[in-house]
Protein chains: 2
Amino acid sequence: MTRTVKDPETRRGELIDAAEELFLANGYEETTVADIVRKIGVAQGTFYHYFKSKDEVLDAITDRWIEEIKEGVAGIASGDDSDSIEKIIRVFGFFSSLGKSRQGLVEYVHEGRNAHLHNKFERKVPSILTPLFSRMIEEGVRERFFDVRYPEMAALFIIVTTGAISHIYETYRLNENTEKMNEITAATFYFIERILGAEQGIFIKYASRMEAST
Amino acid sequence: MTRTVKDPETRRGELIDAAEELFLANGYEETTVADIVRKIGVAQGTFYHYFKSKDEVLDAITDRWIEEIKEGVAGIASGDDSDSIEKIIRVFGFFSSLGKSRQGLVEYVHEGRNAHLHNKFERKVPSILTPLFSRMIEEGVRERFFDVRYPEMAALFIIVTTGAISHIYETYRLNENTEKMNEITAATFYFIERILGAEQGIFIKYASRMEAST
DNA sequence: CAATAACTGATTGACAGTCAGTCAATACCA
DNA sequence: TGGTATTGACTGACTGTCAATCAGTTATTG
């Protein structure tokens, strides 16, 4: 094949893009390195010039996703135009919109065959989000919305719970069990209020007020 | 090699035992089917006579573990010699003792290289334990210890949270960060009390009373 | 023009899974 | 009781696939 040299950053990007697309379409295990390189028309060796292993591209892909999540949450959390309740609601809204625009991705991450990826997410997400949530919760405590003895632990609990529950939510969504889906959503807010020691129903109240003002 | 015919149940058991031992020692990916059959001195084909794939033995192994957990919890939950608070404390005690007697297993399940297995656990455990926890929580509501609108969801939340937190607890344990470990334990009870709408500190109070009476 | 780095693609080694066939035990019949 | 048919446990060489390697080639840069 004719040889084309590109800016390393570009090439690396091409490889990650191709891998991401194929992993999403066919799964990690089912995608071969040969598939990835064929997609952009380079030799197999080129792949290994940029990545030490197949696993390493997966890391690069998840890092990209996690960076996106981090920036989205940080953007909401750092704003001083809203109180902590509003911020937390917006963060959940951000998660939900991310899930909707990337439905394939959500299904993918929860599929059994992609245990590998799911695991990477489970490791990285809490460590990135806990400090951000922690700050919002502490802000909420100062604002007297919340009353909680362990703000950092509360953050961790909320994050891991939401993550694990989304797993179960996803199975109900695939079975079109709307009743259970609604129950999970309602229960999630109910328990988050309890964990944070917030007034019962305050999240729903705020959420509908926020919707009305748009 | 000389041919020895055994009772199929025995042979199947031998294969599962050998696979479990090797998976625990070296990891799932790192163990080959050839290793498994070599260990008990049968041909590779024999393995595939009993299992459709390498993944299927892993299923058999996790099913065995999960059965053990289920029976342990069911035994505690069904007893009518204790109230719901005591039962829940005993269940957590059971988890902790399981973790101690099988330290290798716990570390193993949480190791990155065994994402596959971790995922299997995460799928199976909640579906098995939720009904059992649900009943204990409903019992506690009748006994006026708890006050919670969604008992089944509370069960689910507590189970997935405990599972995910144990993951994080494990990393602190490996780093010998005793402070964080204690904080997690205290926070876990604190938040479980909040989720269940129980009196603050009731679990600790009961736990120390139970210890005193032994 | 020398050094560096991007790139090639045939090759290797490891492994999951297959398959055609062997052998032992049991069941059935004369 | 002895002969034979059937079942299914068991064998192990073999295959196809794939991640990873490596010796070599081409472009770029100073």
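A quick note: this is a predicted structure, and the numbers were derived from the prediction, not measured.

Procedures and definitions
- All residue numbers here refer to positions counted from 1 along the written sequence of the relevant chain.
- Labels follow written order: the first chain is A, the first ligand is 1, and so on.
- Totals for whole chains, interfaces and linings use every residue, but because this is a predicted model, local features are given only for residues with pLDDT of at least 70 and side-chain atom pairs only at 80 or more, for both listing and counting.
- The basis for every side-chain value is the complete set of non-hydrogen atoms in the structure, without hydrogens or water.
- Helix numbering and strand numbering both begin at the N terminus, where a helix is a DSSP run of H or I of at least 4 residues and a strand a DSSP run of E of at least 2.
- Three exposure classes are used, based on accessible area relative to the maximum for each residue type with a 1.4 Å probe and protein chains only: buried under 20%, partly exposed in between, and exposed over 50%.
- Should any heavy atoms of two residues lie within 4.5 Å, those residues are counted as being in contact.
- Areas reported as accessible are Shrake-Rupley estimates using a 1.4 Å probe. Residue values count occlusion only from the protein chains shown.
- All tallies of charge rest on Lys and Arg as positive and Asp and Glu as negative; His and the ends of each chain are not included.
- A charge is said to be at NZ when it belongs to Lys, at CZ for Arg, at CG for Asp and at CD for Glu.
- What counts as buried area is the accessible surface, traced by a 1.4 Å probe, that two parts surrender upon association, with contributions from both included.
- The term salt bridge refers to a side-chain nitrogen of Lys or Arg lying within 4 Å of a carboxyl oxygen of Asp or Glu.
- Two N or O atoms form a polar contact when they lie within 3.5 Å of each other; inside protein one atom must be a possible hydrogen donor and the other a possible acceptor, and for residues adjacent in sequence the pair counts only when both atoms belong to side chains.
- Patch membership requires more than 30% relative accessible area and the absence of a salt bridge. Residues of like charge join within 9 Å; the nonpolar side chains Val, Leu, Ile, Met, Phe, Trp and Tyr join within 5 Å.
- The least-squares superposition of copies is restricted to C-alpha atoms, and to residues with a pLDDT of at least 70 in both copies.
- For each domain, the first and last residues come from an automatic or database assignment.
- By the convention adopted, Pro, Cys, Tyr, Trp, Phe, Met, Ile, Leu, Val and Ala count as nonpolar, Lys, Arg, Asp and Glu as charged, and the other residues, Gly among them, as polar.
- Lines fitted to the C-alpha atoms define the axes, with helices restricted to the stretch that makes contact. Angles between their N-to-C directions range from 0 to 180 degrees.
- Should an angle fall under 35 degrees it is taken as roughly parallel, and over 145 as roughly antiparallel, whereas 65 to 115 is taken as roughly perpendicular and any remaining angle as oblique.
- Two rings from Phe, Tyr or Trp (for Trp, the six-membered ring) form a pair when their centres sit within 6.5 Å of each other. Planes less than 30 degrees apart are called stacked, planes more than 60 degrees apart edge-to-face, and all others tilted.

### Thoughts on the overall build of chain A
Move 1: Helix and strand counts for chain A come out as 10 helices and zero strands.
Move 2: Counting from the amino terminus, helix and strand elements in chain A follow one another as α-α-α-α-α-α-α-α-α-α.
Move 3: Split into buried and exposed, the 214 residues of chain A put 48% on the buried side.
Move 4: Taking contacts inside chain A between residues at least 6 apart in sequence as the whole, the part at least 24 apart equals 64%.
Move 5: As displayed, chain A has an accessible area near 10,800 Å², and 52% of this comes from carbon and sulfur atoms.
Move 6: Treating the 27 positive side-chain charges of chain A as one cloud and the 35 negative ones as another, the clouds have centres 3 Å apart.

### Digging into the interface of chain B and chain A
Move 1: Listed by partner, the interface residues are 36 residues for chain B and 36 residues for chain A.
Move 2: Of the roughly 3,300 Å² buried where chain B meets chain A, counting both sides, 67% is carbon and sulfur surface.
Move 3: Looking only at chain B, the three residues that lose the most surface to chain A are Phe157(B), Phe191(B) and Arg194(B), adding up to 20% of its buried area.
Move 4: For the interface between chain B and chain A, the tally reads two salt bridges.
Move 5: In this structure, the salt-bridge partner of Glu152(B) is Lys180(A), at a minimum N-O distance of 3.4 Å.
Move 6: Put simply, chain B and chain A have 11 residue pairs in polar contact (both at pLDDT 80 or more) between them.
Move 7: Sorting the residues of the side of chain B that touches chain A by element identifies helix H7 (115–142), helix H8 (151–174) and helix H9 (178–196) of chain B as the ones contributing at least two each.

### Remarks on unusual backbone geometry
Move 1: With a phi angle near 70°, Arg144(A) is a residue other than glycine that sits in the positive phi range.
Move 2: Following the sequence through the fold, Arg144(A) ends up in the loop between helix H7 (115–142) and helix H8 (151–174).

### Some remarks on a negative patch on the surface
Move 1: A cluster of acidic residues, Glu29(A), Glu30(A), Glu29(B) and Glu30(B), forms a negative patch on the protein surface.
Move 2: Relative to the elements of secondary structure, Glu29(B) occurs in the loop between helix H1 (8–26) and helix H2 (33–40).

### A short note on the pattern of salt bridges
Move 1: A full pass over the atoms with the stated rule returns 34 salt bridges over all chains.
Move 2: For Asp59(A), the salt bridge is made with Lys124(A), and the minimal N-O distance between the two is 2.8 Å. Note that Asp59(A) is positioned in helix H4 (residues 54–78) and Lys124(A) in helix H7, a separation of 65 residues in sequence.
Move 3: Arg64(B) is the partner of Asp17(B) in a salt bridge, and the nearest nitrogen-oxygen pair spans 3.1 Å. With a gap of 47 residues between them, Asp17(B) in helix H1 and Arg64(B) in helix H4 (residues 54–78) connect regions that are remote in the sequence.
Move 4: Of the residues examined, Arg64(B) reaches a relative accessible area of 35% and is grouped as partly exposed.
Move 5: Residues joined in a network through salt bridges with shared partners are Asp55(A), Asp59(A), Asp63(A), Lys120(A) and Lys124(A).

### A look at the relation of the copies chain B and chain A
What relates the pair of chain copies is a rotation about an axis plus a shift along that axis.
Move 1: Each copy of the sequence occupies a distinct position, and chain B is placed on chain A by a rotation of 180° and an axial shift of 0.0 Å, giving an RMSD of 0.1 Å. As the rotation angle and translation indicate, the two copies are arranged about a two-fold axis.
Move 2: Take the interface residues of chain B: 100% of them recur as interface residues in chain A, which is what a same-surface contact looks like.

### Focus: the domain arrangement of chain A
A common way to report how large an interface is uses the accessible area buried once the components associate.
Residue and element names in this part refer to chain A.
Move 1: Splitting chain A by domain gives domain 1 (8–50) and domain 2 (59–212).
Move 2: Averaged C-alpha coordinates put domain 1 and domain 2 at centres separated by 31 Å.
Move 3: The interface is formed by 13 residues belonging to domain 1 together with nine residues belonging to domain 2.
Move 4: When the two sides are added together, the surface that domain 1 and domain 2 hide from each other amounts to roughly 930 Å², 58% of it contributed by carbon and sulfur.
Move 5: In this assembly, domain 1 and domain 2 are joined by two salt bridges.
Move 6: Considered class by class, the residues forming the side of domain 1 that touches domain 2 number six nonpolar, two polar and five charged.

### Thoughts on the packing of H7(A) against H7(B)
Move 1: Between H7(A) and H7(B), the least distance of the axes is 8 Å, while the angle of their chain directions is 80°. What the angle tells us is that H7(A) and H7(B) run roughly perpendicular. Only Ala115(B), His116(B), His118(B), Asn119(B) and Glu122(B) of H7(B) make contact with H7(A), whose side of the interface consists of Ala115(A), His116(A), His118(A), Asn119(A) and Glu122(A).

### Some details on the packing of aromatic side chains
The geometry of an aromatic ring pair comes down to the distance between the two centres and the angle between the two planes.
All names here are of chain A.
Move 1: Under the counting rule described, the total for this entry stands at 30 aromatic pairs over all chains.
Move 2: Look at Phe-92 and Phe-189: their rings are 6.0 Å apart centre to centre, the planes differ by 65°, and that puts the pair in the edge-to-face class. In this pair, Phe-92 sits in helix H5 (residues 84–101) while Phe-189 sits in helix H9 (residues 178–196), placing the two residues 97 residues apart along the sequence.
Move 3: Between the aromatic rings of Phe-189 and Phe-203, the centroid separation amounts to 5.8 Å while the plane-to-plane angle is 35°, which identifies the pairing as tilted. Of the two residues, Phe-189 sits in helix H9 while Phe-203 sits in helix H10 (residues 202–212), which places them 14 residues apart along the sequence.

### Considering the packing of H8(A) against H9(A)
Residues and elements named next belong to chain A.
Move 1: At their nearest, the axes of H8 and H9 sit 10 Å apart, and the two run at 175° to each other. Our classification of the angle between H8 and H9 gives roughly antiparallel. Along the contact surface, H8 presents Ala-154, Ile-158, Ile-165, Ile-168, Tyr-169, Tyr-172 and Arg-173, while H9 presents Lys-180, Met-181, Ile-184, Thr-185, Thr-188, Ile-192, Ile-195 and Leu-196.
Move 2: Class assignment of the residues belonging to the contact of H8 with H9 gives a composition of 11 nonpolar, two polar and two charged.

### Focus: the environment of Ala43(B)
Move 1: Position of Ala43(B) among the secondary structure elements: in the loop between H2 and helix H3 (44–50).
Move 2: Ala43(B) sits 40 residues away from Arg3(B) along the chain, and the two C-alpha atoms are 9.4 Å apart.

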